[in-house]
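Single-letter residue listing:
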Amino acid sequence: MPEEERLSGASPGVLDALAQARAFGYLGPGPLQTHVDHSHGFGDAFELVTSPVGPSAHAGFRGRVVDLGAGGGIPGLVLADRWPDSQWLFVDSHRRRMGTLGDVLVRLGWAERTEVVLDRAELVARRSDLRGSCDLVVARGFAAPAVTAECAAGFLRPGGLLVVSEPPEGPDRWSDAALAELGMARIVLAPAAFRFFVAMQEHPCPPKYPRAVGVPGKSPLF
């Protein structure tokens, strides 16, 4: 039996898309089920913070979500499948990957609730229709923590969350002082199967952030 037929946690169309992404080299090593489970970890972290009864309470979530570095479709495709009424912005500067992802979204019938943006996140976060308007930003392997936080802050509304995949082990990579400069504050979660960093946008992102393309990486806030 093909691997995708044995998997759980995503629709057949999404599983086919992930299998294609892996064949193209857009996903890292490991079974597809691990990628699907990891993607759901982002959703679990979001729901644990935003719902008093925890995961699976937001099947009707209608918010706007940004997937930074979205080319491989993880975690965005799995989460968009999990929350069928949510609106998605997939941001990446890799032309080939985004072309493939755009085709996938059309094939899934999601074109009306998704947008593929081939551009740098520093620029997209300054779009007037997106600035301070998003409920959630997810990032898996997008950039260093300082770059991820600075780009995400421009998208998030006050009360919105940033959820970032972290290495399974290692030191704390985040600066509370720098997050505060961006209007953010970290949220501590109980240990889970996968490790995530979560921050809430407590105040609107200051107008000077994110800085010009490349500057967050060359002169990181932390």
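You'll find the structure just up there.
Residues numbered from 1 in each chain as written. Predicted model: local features only at pLDDT ≥ 70, side-chain atom pairs only at ≥ 80, totals over all residues. Heavy atoms only, no water.

Across all of its chains, the model carries 12 salt bridges by this definition. With a closest N to O distance of 3.0 Å, D172 and R186 form a salt bridge. Separated by 14 residues along the polypeptide, D172 in the loop between β5 (156-165) and α8 (176-181) and R186 in strand β6 (residues 184-187) bring together distant segments of the chain. The class for R186 is partly exposed, based on a relative accessible area of 26%. Through salt bridges with shared partners, one network takes in D44, E47 and R82. (Salt bridge = Lys/Arg side-chain N within 4 Å of Asp/Glu carboxyl O. Helix = DSSP H or I, 4+ residues; strand = E, 2+ residues; numbered from the N terminus. Buried < 20%, exposed > 50% of the residue type's maximum accessible area, 1.4 Å probe, protein only.)

Let us now look at the side chain of S39. Its location among the elements puts S39 in helix α3 (residues 32-50). Once residues within four sequence positions are removed from consideration, S39 is found in contact with I74, P75, V78 and L79. (Contact = heavy atoms within 4.5 Å.)

If you add up the space inside the largest pocket, you get close to 450 Å³. Taken together, 21 residues form the lining of the largest pocket, with L189, A190, R195, F196 and F197 sitting closest to its centre. It is α3 that provides the largest number of residues to the lining of the largest pocket, a total of five residues. Of the residues that constitute the lining of the largest pocket, the class distribution is 14 nonpolar, one polar and six charged. (1 Å grid on protein atoms, 1.4 Å probe; cavity = no way out; pocket = protein on both sides within 12 Å on 5 of 7 lines; lining within 4 Å. Points joined across faces, edges and corners; volume = space filled by probe spheres on them. Nonpolar A, V, L, I, M, F, W, Y, C, P; charged D, E, K, R; others polar.)

Its 14 residues place the ends of helix α5 (residues 95-108) 20 Å apart at the C-alpha level, agreeing with the 20 Å of an ideal helix rising 1.5 Å per residue. If you follow the buried residues of α5, they end up packed against α2 (12-23), α4 (76-82), β2 (87-92) and β3 (114-118). Taken from the residues just after α5, G109 is the one with a positive phi, measuring 80°. (Expected span 1.5 Å × (residues − 1).)

For any two helices packed against each other, the geometry comes down to the angle between their axes and how far apart the axes lie. α5 packs onto α2 with a crossing angle of 165° between their chain directions and a minimal axis gap of 10 Å. Relative to α5, the element α2 is oriented roughly antiparallel. Of the two possible hands of crossing, α2 and α5 adopt the one that is right-handed. The segment α2 lies against α5, with G13, V14, A17 and Q20 engaging T100, V104, R107 and L108. (Axes fitted to C-alpha atoms, helices over the stretch in contact; angles between N-to-C directions. Parallel < 35°, antiparallel > 145°, perpendicular 65-115°, else oblique. Left-handed = near helix turned anticlockwise from the far one by under 90°.)

Next up on the list: unusual backbone geometry. The phi torsion of most residues other than glycine is negative, and most of the peptide bonds are trans. In this structure, the amide linkage connecting I74 to the following residue, P75, adopts the cis form with an omega of 5°. Here P75 shows up in the loop between β1 (64-68) and α4.

In this section: the side chain of S86. By the element assignment, S86 lies in the loop between α4 and β2. Judged by its relative accessible area of 0%, S86 falls in the buried class. From its side chain, S86 meets the backbone oxygen of W83 in a polar contact 2.6 Å long. Separated by 2.8 Å, the side chains of S86 and W88 make a polar contact. Sequence-distant contacts of S86, defined by excluding residues within four places in its chain, comprise F61, R62, G63, A80 and R113. (Polar contact = N/O pair within 3.5 Å; in protein donor to acceptor, adjacent residues only side chain to side chain.)

Here we come to the sheet that holds β5. In a beta sheet, neighbouring strands are held together by backbone hydrogen bonds and run either parallel or antiparallel to one another. Pairing is mixed across the open sheet formed by seven strands, whose spatial order is β3-β2-β1-β4-β5-β7-β6. Sheet topology places β3 and β6 at the edges, where each strand pairs with a single neighbour. Taken over all neighbouring pairs, the strand axes of this sheet differ in orientation by 20° on average, direction set aside. The pairing of β2 with β3 spans five bridges and is classified as parallel. Looking at the pairing, D92 lines up with L118 of β3. The sheet strands contacting α3 are β4 (134-139), β5, β6 and β7 (196-201), and the helix crosses β5 at an angle near 145°. On top of the sheet, helix α7 (residues 145-155) reaches β1, β2, β4, β5, β6 and β7; it is set at about 145° to β5, its chief contact. (Pairing = 2+ DSSP bridges.)

Function cannot be read off these values alone, since they describe shape.
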